Amino acid sequence: MKYVVICIACLLCLPVLQAQTGKTENLIIVTLDGMRWQEVFKGIDPTLTDDTLFNRDSKGLREKFWSDSVDERRKKLFPFIWEVVSRQGQIYGNRRFGNYVDNANPYWFSYPGYNEIFTGYPDTAVNSNDKIFNRNTNVLEFVNKQKGYQQKVAAFSTWDVFPYILNEPRSGVYVNSDVDTIPFNIPQLQVLNDMQFLAPKPIGVRQDVITYMAAREYLKAYKPKVMYIAFDETDDFAHAGMYDQYIGSAHAQDAMIRDIWNTVQSMPQYKNKTTLLVTVDHGRGDIVKANWCHHGTRIEDAHEIWLAVMGPDTKPLGELKTAGQLYQMQIAATLAKLLGFTFTAEHPVADPIKSVYSK
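Below, the structure is looked at part by part. For clarity, every value in this text was computed on a predicted model and none was experimentally measured.

Positive phi is not limited to glycine here, since glutamine 151 has a value of about 60°. Topologically, glutamine 151 is positioned in the loop between helix 7 (139-144) and strand 4 (153-157). Its identity is not glycine, yet asparagine 272 carries a phi of approximately 60°, on the positive side. Asparagine 272 sits in the partly exposed class, given a relative accessible area of 48%.

Put into structure tokens, the structure is as follows:
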């Protein structure tokens, strides 16, 4: 991607005012690490599906997820996104219609992407996946300091770098990562701790389903107002060249997103007062098919990402089929704005996405 100079609003040290005009009181944020927009909008890729280099069971993959219709194919893979979010919310990033969502950071891998999502600032100094505490203030940290939200913000991640990305010691946000002990006071729920230590770890850290179950049970027990869930298996299986496992994990993540949405809609504190936002840290290659395994600056299309959102303040526009350009750095301010806040920090913060919260 050509280098683009992007003007972003720099809001420094301004007083924080809450002007809650919408209905959103809670947020559920979910990321699917390295999940390509190609599968989200087109379903399984026939070239990759039939390539035995990347699959143990191409026939089984086709039987479960294939259709000649793109719309049916993507619905088989992501039924919640295409049966629920597409009717009740908004989905951005189908590049077939010139609807673009991109990284603004120049690196196109995980830590820089997550920094951009949550700080609204594509800091070029954030240029590795090393366990370094992030110097930039993130929107979860910001919300955690607002009246009514203190100690009501929590993050659950499979990848063990998130305590550093979200700077847990400084931010005060509760971050449960990899094999952290889950702070349940309810004895029967301690089984989740046993599971995460005893279960196999095919990607080197705990399985996404354990991260998810920990997050769901924490939500039911402690009722946070903002919950972030960071899945990881899609990226790890892609790097391993296991397309069938990548697809299987994506399908399972969609089911978990459905489950958390159904859970919050069953609870009076959350029902019709919660916005769900789903996105990704970076894209992957597709122009060269073998590059689906990879991302980073040497992969020319790895900056291509996507975004889905629904909630009581979001117009049900469905899949955006009009030309437009959004950037990952706009997500942080959008999250704050949905709660009625203007996100400010010691660094520049990009403008929010108005169409997401202006119902």
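A word on the pairing of strand 8 (residues 307-310). Burial along strand 8 is two-sided: Leu307 and Val309 and Ala308 and Met310, pointing in opposite directions, are all buried. As defined by bridge partners, strand 2 (residues 90-92) adjoins strand 8 across three bridges and the pair is classed as antiparallel. Each residue of the ladder has a partner; that of isoleucine 91, found in strand 8, is alanine 308.

Bringing the packing of helix 10 (residues 191-198) against helix 11 (residues 208-222) into the picture now. Where helix 10 meets helix 11, the closest approach of the two axes is 10 Å, and the angle between their N-to-C directions is 165°. Classed by the angle they form, the pair helix 10 and helix 11 counts as roughly antiparallel. Pair helix 10 / helix 11 crosses with left-handed handedness. Every residue of helix 11 that contacts helix 10 at Leu192, Met195 and Gln196 is listed here: Ile210, Met213, Ala214 and Glu217. Of the residues contributing to the contact of helix 10 with helix 11, the split by class is five nonpolar, one polar and one charged.

Across soluble globular proteins, you tend to see nonpolar side chains buried next to one another. One finds Leu140, Tyr228 and Trp306 to be the most contacted residues of the largest nonpolar core, which totals 100 residues. Per-element accounting of this core gives the leading share, nine residues, to helix 13 (residues 243-265). In this structure tyrosine 228 touches Ile29, Val30, Thr31, Tyr114, Phe118, Leu140, Ala154, Ala155, Phe156, Phe162 and Leu166, once residues within four positions along its chain are discounted.

So, about the sheet that holds strand 6 (residues 226-231). One open sheet holds the eight strands; their spatial order is 5-4-6-1-7-8-2-9, and the pairing between them is mixed. Whereas interior strands pair on both sides, the edge strands pair on one side only; in this sheet they are strand 5 (174-177) and strand 9 (318-319). Sheet topology places strand 1 (residues 26-32) next to strand 6; six bridges connect them, and they run parallel. Paired with threonine 31 across the strands is alanine 230, a residue of strand 6. Seen against the sheet, helix 5 (residues 79-88) touches strand 2, strand 7 (274-279), strand 8 and strand 9 and runs at an angle of roughly 60° to strand 8. Sheet strands in contact with helix 11 are strand 1, strand 4, strand 5 and strand 6, and its direction is about 170° off that of strand 6.

Moving on: the packing of aromatic side chains. What the rule picks out here adds up to 20 aromatic pairs. The interplanar angle of 65° and the centroid separation of 5.6 Å between the aromatic rings of phenylalanine 162 and tyrosine 228 together place this pair among those described as edge-to-face. On the criterion of sequence distance, the pair formed by phenylalanine 162 in helix 8 (residues 162-165) and tyrosine 228 in strand 6 is long-range, its members being 66 residues apart. Like phenylalanine 162, the residue tyrosine 228 is buried in the burial classification. Positioned above the aromatic ring of tryptophan 82, the side-chain terminus of arginine 74 is 3.6 Å from the ring centre.

Thresholds, definitions, all that
Residues numbered from 1 in each chain as written. Predicted model: local features only at pLDDT ≥ 70, side-chain atom pairs only at ≥ 80, totals over all residues. Heavy atoms only, no water. Helix = DSSP H or I, 4+ residues; strand = E, 2+ residues; numbered from the N terminus. Buried < 20%, exposed > 50% of the residue type's maximum accessible area, 1.4 Å probe, protein only. Pairing = 2+ DSSP bridges. Axes fitted to C-alpha atoms, helices over the stretch in contact; angles between N-to-C directions. Parallel < 35°, antiparallel > 145°, perpendicular 65-115°, else oblique. Left-handed = near helix turned anticlockwise from the far one by under 90°. Contact = heavy atoms within 4.5 Å. Nonpolar A, V, L, I, M, F, W, Y, C, P; charged D, E, K, R; others polar. Core = buried A, V, L, I, M, F, W, Y, C linked by side-chain atoms within 4.5 Å. Phe/Tyr/Trp six-rings, centres within 6.5 Å; stacked < 30°, edge-to-face > 60°. Lys NZ or Arg CZ within 6 Å of the ring centre and 35° of its normal.

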